[in-house]
Amino acid sequence: MTTIHWFRKGLRLHDNPALLAAVREGTELRPVFVLDPWFVKNAKVGPNRWRFLAQTLADLDAGLRKLKSRLFVVRGSPEEVFPKLFKTWDVKRITWELDTEPYARTRDERVEKLAKECGVEVACRVGHTLYRVEKIIDANLGKTPLTYQSLQKLANKLGHPPKPIGTLTELPEPCHLQEEAASNASYDPPSLKELGVKEEKLEPCFYPGGETEALARLEKYMERKSWVCKFEKPKTSPNSLQPSTTVLSPYLKFGCLSPRTMYHQLLQVYKGSSHTQPPVSLLGQLLWREFFYTVGATTPNFDRMEGNPVCRQIPWVRDEKLMDAWTHARTGYPFIDAIMTQLRKEGWVHHLARHAVACFLTRGDLWQPWEDGMKVFEELLLDADWSLNAGNWMWLSASAFFNSYFRVYSPIAFGKNTDKHGDYIRKYLPQLAKYPESFIYEPWKAPLGVQRAAGCIIGQDYPRPIVDHSVVMKRNLERMGQAYRAGKEKKASEAKPPPKKKMKK
DNA sequence: TCTGGCGTTGTTCCC
DNA sequence: GGGGAACAACGCCAG
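Quantities reported herein were computed from a predicted structural model and do not represent experimental measurements. (Residues numbered from 1 in each chain as written. Chains lettered and ligands numbered in written order. Predicted model: local features only at pLDDT ≥ 70, side-chain atom pairs only at ≥ 80, totals over all residues. Heavy atoms only, no water.)

Focus: the protein's contact with DNA strand C
What surrounds DNA strand C is the set Thr147, Lys153, Arg312, Asn403, Ser404, Phe406, Tyr484, Lys488 and Lys491. Those atoms of DNA strand C that come within 4 Å of the protein belong to sugar or phosphate at a rate of 94%. Asparagine 403 places a polar side-chain atom, nitrogen or oxygen, 3.1 Å from a sugar or linking oxygen of DNA strand C. Counting residues per element, the surface near DNA strand C draws most heavily on helix H21 (residues 469–495), at 3 residues. Among the residues forming the surface near DNA strand C, the class breakdown is 2 nonpolar, 3 polar and 4 charged. (Near = heavy atom within 4 Å. Polar contact = N/O pair within 3.5 Å; in protein donor to acceptor, adjacent residues only side chain to side chain. Helix = DSSP H or I, 4+ residues; strand = E, 2+ residues; numbered from the N terminus. Nonpolar A, V, L, I, M, F, W, Y, C, P; charged D, E, K, R; others polar.)

This is the structure in C-alpha cells:
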C-alpha cells in the first residue's frame, strides 16, 4: 500500500504539512513531481527560472535520499500520469499542498475526481500562505479585503499564523524505498537540456534554487538582527550593485521556504527589541504577499483587465514597437534599460525598480496594457508569482489598489535618489560606462564631443529616447483622468439602477 | 450622508 | 542637503 505526496509548489522538507500527512506507519511513500513536456515546450518561462526549478528539484531529491527515499519526477500531464501511477504503485492515498491559483484549482479538481474514481483518498493541507484564504474571507464577513490595512486588521484578528511544523528528519521504515525504485533513472530530476535550456547561453547564477539555499539565505539575514529590526522597504535602494533586500522571494514563490517559518523567525528576532512595523517591515512584506494571494484567490479574472471587478478599465493602446523596446532594454532611458537588462540577466530586480519600469510601460510613459508587462515579468522573474505579479501590475498602472495616478516615477530623476553617479547604469549598460555623471541618466543631452569621448554615440551605439517623458506624461495624466471619470460615472449609474417603483414611507 | 484623514516607496522648486 | 509646499486632487473608510 502506497501514499503519494504530490509536490508542486511547497518544494521543501521543512514545515510541509501536506508531506507530513503522507507519512504514515505501515505505508510506502512516493514523493512525486509531475513534469509536463508539453508545458516545458510551450510555456513562456525564461532559462533562469528553468534553472532555478532544476536546482530546486535536485536539492529536494538529495534531501529525500538522505531520508532513504527519493523524488520521482514523472513525465506527462497530471491527468495522464496519476491514473497509471495509482494502479502500478497500488496507491491508496495522495496528499498535496493547497494551491489557490485558478489554473491550479481546475487541475486539482480534475485530479481529485480521477483519484476518487480509482479509489484513492485525497488529503490537502495549507502551507503556501500564512493563513488559509477562506479564514481571512470569513473573518471579513465573506468579502475580499481590498486594502492592505483591512488585510492587516484581519490578520490581527486571527492572531499569528500557525507555527511551522518541524523538518522531516526521518521516515518510518516502510517509507524507505527498495533499491530498484531508488535507482530507476527514468524518474531522475530533469537536466537543463530536458528543460530546453541552452547551458552555454546561461548567465552566472546568483540565486541557486532549492530549500538548502533558501534556509541558508534566511539564516544569513536573520543573523543581522539590527538590520532586520530597522528594515523599511521604501528606504531600500532599487539600484544598489548588490541587492539591498533579502531576495527570498524566489524561494517563497516555489515554496523552498515556508512563509510561516520566516514569519515566526522574524518574531523571534523582534522579541525584546524595538522594530519597524507593517507595511514597511520585513514581516509586513509577508503580509503583502498574503494580501495579493487573498485577493487573487477570490477575484475573477484577476490577471486581466476585462471582466476583473477590482480593475479599472483604461483604454491602453497596444504598440508593438514600444512594447518591444521596453522588453529588450531599448527605450533610450538608461535607468529603465539597465533594470530590464538586470531582469533578463539575473531574474531578479528590486521591488522599486519594478515600480519604475512598470510605471514607465503603463500610465507613466508608453501607455501599454499592464497585462503585457506582467507577461514579460512572468517570463523573466525567478519569483514570478501569479497573484503578486498581477496585483502589483494593477497597483503600478493605477488600475487597482493604488489611485494617485498623478504620482509618476521619473525615468531620469528617480534613480538619482540612491545612485547619483549612475554606477548601476554603468554596470548593466557598459556602453554608457564612460559617460560623465551629469549625463548618465540623460545621455542624449550630452554634446557630440562628450558622446565621442565616451565612445558611445546616441542614436547609433545606444538608442535615442523612444518618447519624451515630460510630453507623454502630461498626455497620459489627462488620459488617466478621463478613464477615472468614466469609471466613476459607470459606477454611479450601476449604483442607481433604473428606478424601481418604491413606495415612500 | 457627508467629511476629513490617510494611503509602504513622486517630482520639482524653493528656502 | 534637508525640509516643506505646490503640483492637481484619487478612493477608502471611520466617525
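Now that the structure has been shown, we can carry on.
A few points about the pattern of salt bridges
Scanning the entire structure with this criterion turns up 23 salt bridges. Across the pair glutamate 194 and arginine 75 runs a salt bridge, and its minimum N-O distance is 2.6 Å. With a gap of 119 residues between them, glutamate 194 in the loop between helix H8 (179–183) and helix H9 (211–222) and arginine 75 in strand S3 (residues 72–75) connect regions that are remote in the sequence. Its salt-bridge partner being glutamate 121, residue arginine 93 comes within 3.3 Å of it at the nearest N-O pair. Of this pair, arginine 93 sits in strand S4 (residues 91–97) while glutamate 121 sits in strand S5 (residues 121–125), placing them 28 residues apart in sequence. By relative accessible area, which is 6% here, arginine 93 ends up buried. Linked through salt bridges whose partners overlap, the residues forming this network are Asp61, Arg65, Arg70 and Asp188. (Salt bridge = Lys/Arg side-chain N within 4 Å of Asp/Glu carboxyl O. Buried < 20%, exposed > 50% of the residue type's maximum accessible area, 1.4 Å probe, protein only.)

Focus on the domain arrangement of chain A
By convention, interface size is frequently given as the accessible area that disappears when the constituent parts associate. Once the domains are mapped, chain A shows domain 1 (1–128), domain 2 (129–164 + 212–298) and domain 3 (301–495). Just the C-alpha atoms count here: the centres of domain 2 and domain 3 sit 26 Å apart. With 24 residues of domain 2 at the contact, the number on the domain 3 side is 27 residues. Both sides of the domain 2 and domain 3 interface together cover about 2,200 Å² of buried area, and 68% of this is carbon and sulfur. The three residues of domain 2 that bury the most area against domain 3 are Pro238, Asn239 and Phe292, which together make up 33% of that side's buried surface. Across the contact surface, domain 2 and domain 3 share 0 salt bridges. In this structure, the connection of domain 2 to domain 3 is made through 7 residue pairs in polar contact (both at pLDDT 80 or more). Listing elements by their share of the side of domain 2 that touches domain 3, those giving two or more residues are helix H11 (249–254) and helix H13 (282–298). The element contributing the most residues to the side of domain 2 that touches domain 3 is H13, with 7 residues. (Domains from an automatic or database assignment. Contact = heavy atoms within 4.5 Å. Buried area = accessible area lost by both parts, 1.4 Å probe.)

Describing the packing of helix H12 (residues 259–270) against H13
Put simply, H12 and H13 touch, their axes get as near as 9 Å, and they point 155° apart. Taken together, H12 and H13 sit at an angle that is classed as roughly antiparallel. As H12 runs across H13, the sense of the crossing is left-handed. Residues Pro259, Met262, Tyr263, Leu266, Leu267 and Tyr270 of H12 form the contact with H13, whose participating residues are Leu282, Leu283, Leu286 and Arg289. (Axes fitted to C-alpha atoms, helices over the stretch in contact; angles between N-to-C directions. Parallel < 35°, antiparallel > 145°, perpendicular 65-115°, else oblique. Left-handed = near helix turned anticlockwise from the far one by under 90°.)

Re the protein's contact with DNA strand B
Pro234, Trp288, His355, Ser410 and Ala413 are the nearest of the 20 residues found near DNA strand B. Among atoms of DNA strand B positioned within 4 Å of the protein, sugar and phosphate together represent 50%. At the level of secondary structure, the elements contributing two or more residues to the surface near DNA strand B comprise helix H7 (148–158), H13 and helix H16 (351–364). Considering each element in turn, the surface near DNA strand B owes the most residues, 3 residues, to H16. Of the residues contributing to the surface near DNA strand B, the split by class is 11 nonpolar, 7 polar and 2 charged.

Focus: the pairing of S4
With 6 of 7 residues buried, S4 lies mostly within the body of the structure. By the bridge criterion, 5 bridges tie strand S1 (residues 2–7) to S4 in an arrangement that is parallel. Note on S4: the bridge partner recorded for threonine 3 is arginine 93. Relative to S5, S4 runs parallel, the two being bridged by 5 bridges. The residue of S5 that forms the bridge with isoleucine 94 is valine 122. (Pairing = 2+ DSSP bridges.)

A short note on the packing of aromatic side chains
Under the counting rule described, the total for this entry stands at 34 aromatic pairs. Seen from their ring centres, phenylalanine 292 and phenylalanine 401 are 5.6 Å apart, and the 75° between their planes marks the pair as edge-to-face. You can see phenylalanine 292 sitting in helix H13 and its partner phenylalanine 401 sitting in the loop between helix H18 (386–396) and helix H19 (423–428), a full 109 residues away along the chain. Taking relative accessible area as the criterion, phenylalanine 292 reaches 2% and is therefore assigned buried. Here tyrosine 333 and tryptophan 444 contribute two aromatic rings whose centre-to-centre distance is 5.2 Å and whose plane-to-plane angle is 75°, an arrangement assigned as edge-to-face. Here the residue tyrosine 333 occupies a position in the loop between helix H14 (320–327) and helix H15 (334–346), and tryptophan 444 occupies one in the loop between H19 and helix H20 (448–454), the gap between them amounting to 111 residues. These aromatic residues form a ring-pair network of at least three members: Tyr148, Trp288, Phe291, Phe292, Trp395, Phe401 and Phe402. A cation sits over an aromatic face here: arginine 8 above tryptophan 6, 4.5 Å from the ring centre. (Phe/Tyr/Trp six-rings, centres within 6.5 Å; stacked < 30°, edge-to-face > 60°. Lys NZ or Arg CZ within 6 Å of the ring centre and 35° of its normal.)

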